Amino acid sequence: MNQALLPLLLVAALAIPLVIGSRKQKKMVAQQQELQNSLDVGDRVMTTSGLYGTVSDISDDATIGIEIAPGVETTWLRQAVREKVGPDLLDEDDDLDTADTADTDDREESTASATGSSSASTAQVAPPLEHGKN
């Protein structure tokens, strides 16, 4: 009895993780298919290679057009779209950079007026190194 039970337990121990893994993989494939079918013009997406862009053309079943910069449209397989992402992060970063630049300019002006100096910088450039010359 013990000899017949051992091979049966080994097969069950190997089969259960395979079944669970395949169910998880089927669920992930279904989610990816749902994402690809729900793509619409204007959606911000990220590709599997990490490229961010805006969907600009969905007329083909196999490919989509993604605008990666104003006026620059590339063609991708639908399967290359990894996920939809939120609003354009670059626009928010540009706004922050502009605010930081304005703050820096204000600080420089107040420092210059406090010291009575109008020169923007006193930095010096070092001479180039001469490598390999003896």
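A few points on the structure. (Residues numbered from 1 in each chain as written. Predicted model: local features only at pLDDT ≥ 70, side-chain atom pairs only at ≥ 80, totals over all residues. Heavy atoms only, no water.)

Here we come to the sheet that holds strand S1 (residues 44-47). Pairing in this open sheet of five strands is antiparallel, and the strands run S4-S3-S2-S1-S5 from one edge to the other. Each end of this open sheet is capped by a strand with a single partner; those strands are strand S4 (72-77) and strand S5 (81-84). On average, adjacent strands in this sheet sit at an angle of 45 degrees to one another, irrespective of strand direction. Alignment of strand S2 (residues 52-57) against strand S3 (residues 63-69), held across three bridges, turns out to be antiparallel. (Pairing = 2+ DSSP bridges. Helix = DSSP H or I, 4+ residues; strand = E, 2+ residues; numbered from the N terminus. Axes fitted to C-alpha atoms, helices over the stretch in contact; angles between N-to-C directions.)

Taken as a whole and assessed by the stated rule, the structure comprises one salt bridge. Close ionic contact of Lys84 with Asp43 constitutes a salt bridge, the shortest N to O distance being 3.4 Å. Of this pair, Lys84 sits in strand S5 while Asp43 sits in the loop between helix H1 (2-38) and S1, and the two are 41 residues apart along the sequence. (Salt bridge = Lys/Arg side-chain N within 4 Å of Asp/Glu carboxyl O.)

Moving on, we get to the side chain of Asp43. A distance of 2.8 Å separates a polar atom in the side chain of Asp43 from the backbone nitrogen of Asp40. A distance of 3.4 Å separates polar atoms of two side chains, one belonging to Asp43 and the other to Lys84. Filtering out sequence-adjacent residues up to four positions away, Asp43 remains in contact with Ser38, Gly53, Thr54, Val55 and Lys84. (Polar contact = N/O pair within 3.5 Å; in protein donor to acceptor, adjacent residues only side chain to side chain. Contact = heavy atoms within 4.5 Å.)

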